[in-house]
Amino acid sequence: MSEFSPILIYLVISSLVSLIPLGVPFPFSSNSSTYPEKLSAYECGFDPFGDARSRFDIRFYLVSILFIIPDPEVTFSFPWAVPPNKIDPFGSWSMMAFLLILTIGSLYEWKRGASDRE
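Quick caveat: nothing in here was measured; it's all calculated off a predicted structure.

A. Representation of the UniProt feature "transmembrane region" (unreviewed entry) in the chain. Under the local residue numbering, the UniProt record ascribes the feature "transmembrane region" (unreviewed entry) to residues 7-28 and 90-108. Annotated as 95% helix and 0% strand, the span residues 7-28 places its first and last C-alpha atoms 33 Å apart. Annotated as 100% helix and 0% strand, the span residues 90-108 places its first and last C-alpha atoms 27 Å apart.

This is the structure in structure tokens:
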């Protein structure tokens, strides 16, 4: 058990460091139900103009997905940051399969005109 004591101390300290800042504001905060303005809808200081569940164009989602795609691409490219003689064939072929799927997805989005603007 003595060899695990530094890990236990680390877990206790890290949980305290993360939980104390979450709990400190509660004794100093006021009850928000006493202020009816805080319970009202907020839209830049004005009353809401319309329904919050109105429809909008799907291209907003497509643009966000186009920006999210490079994140896993970079993450899965990290294993190639080793010398080429250290990568086994399974690692090379799995990376090639990933890049192939990514290329096919990018070509599909390009063909469908996901990044085109009107």
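B. Fine view of the confidence of the model for the chain. Here the chain averages 78 in pLDDT, and 76% of its residues register 70 or above. Taken element by element, the predicted model of the chain shows its lowest mean pLDDT in helix α3 (residues 36-39) (64) and its highest in helix α1 (residues 5-23) (93).

C. Main features of a nonpolar patch on the surface. On the surface, Met-1, Phe-4, Ile-7, Leu-8, Tyr-10, Leu-11, Val-12, Leu-16, Ile-20, Val-24 and Phe-28 cluster together into a nonpolar patch covering about 1,200 Å² of accessible area. With 7 residues, α1 is the largest single contributor of residues to the nonpolar patch. Mapped onto the elements, Ile-20 comes out in helix α1. Judged by relative accessible area, Ile-20 falls into the partly exposed class, the value being 49%.

D. Expanded view of the packing of helix α4 (residues 59-68) against helix α5 (residues 70-77). Following both chains from N to C, one finds α4 and α5 inclined at 15°, their axes separated by 5 Å at the closest point. Taken together, the axes of α4 and α5 lie roughly parallel to each other. Contacts between α4 and α5 involve Leu-66, Phe-67 and Ile-68 on the former and, on the latter, Pro-70, Asp-71 and Pro-72. Broken down by class, the residue content of the contact of α4 with α5 amounts to 5 nonpolar, no polar and 1 charged.

E. Fine view of helix α6 (residues 89-112). Across its 24 residues, α6 extends 34 Å between first and last C-alpha, which sits within 8% of the 34 Å expected from 1.5 Å per residue. All buried positions along α6 are accounted for by Gly-91, Met-95 and Leu-102. Where α6 is buried, its residues meet α5. Remark: Gly-113 follows α6 within two positions and exhibits a positive phi of approximately 75°.

Rules used in this analysis
Residues numbered from 1 in each chain as written. Predicted model: local features only at pLDDT ≥ 70, side-chain atom pairs only at ≥ 80, totals over all residues. Heavy atoms only, no water. UniProt positions renumbered as here; feature names shortened; annotations may be inferred. Helix = DSSP H or I, 4+ residues; strand = E, 2+ residues; numbered from the N terminus. pLDDT = per-residue confidence, 0-100. Patch = residues over 30% accessible without salt bridge, like charges linked within 9 Å, V, L, I, M, F, W, Y side chains within 5 Å. Areas by Shrake-Rupley, 256 points an atom, 1.4 Å probe, with all protein chains shown as cover. Salt bridge = Lys/Arg side-chain N within 4 Å of Asp/Glu carboxyl O. Buried < 20%, exposed > 50% of the residue type's maximum accessible area, 1.4 Å probe, protein only. Axes fitted to C-alpha atoms, helices over the stretch in contact; angles between N-to-C directions. Parallel < 35°, antiparallel > 145°, perpendicular 65-115°, else oblique. Contact = heavy atoms within 4.5 Å. Nonpolar A, V, L, I, M, F, W, Y, C, P; charged D, E, K, R; others polar. Expected span 1.5 Å × (residues − 1).

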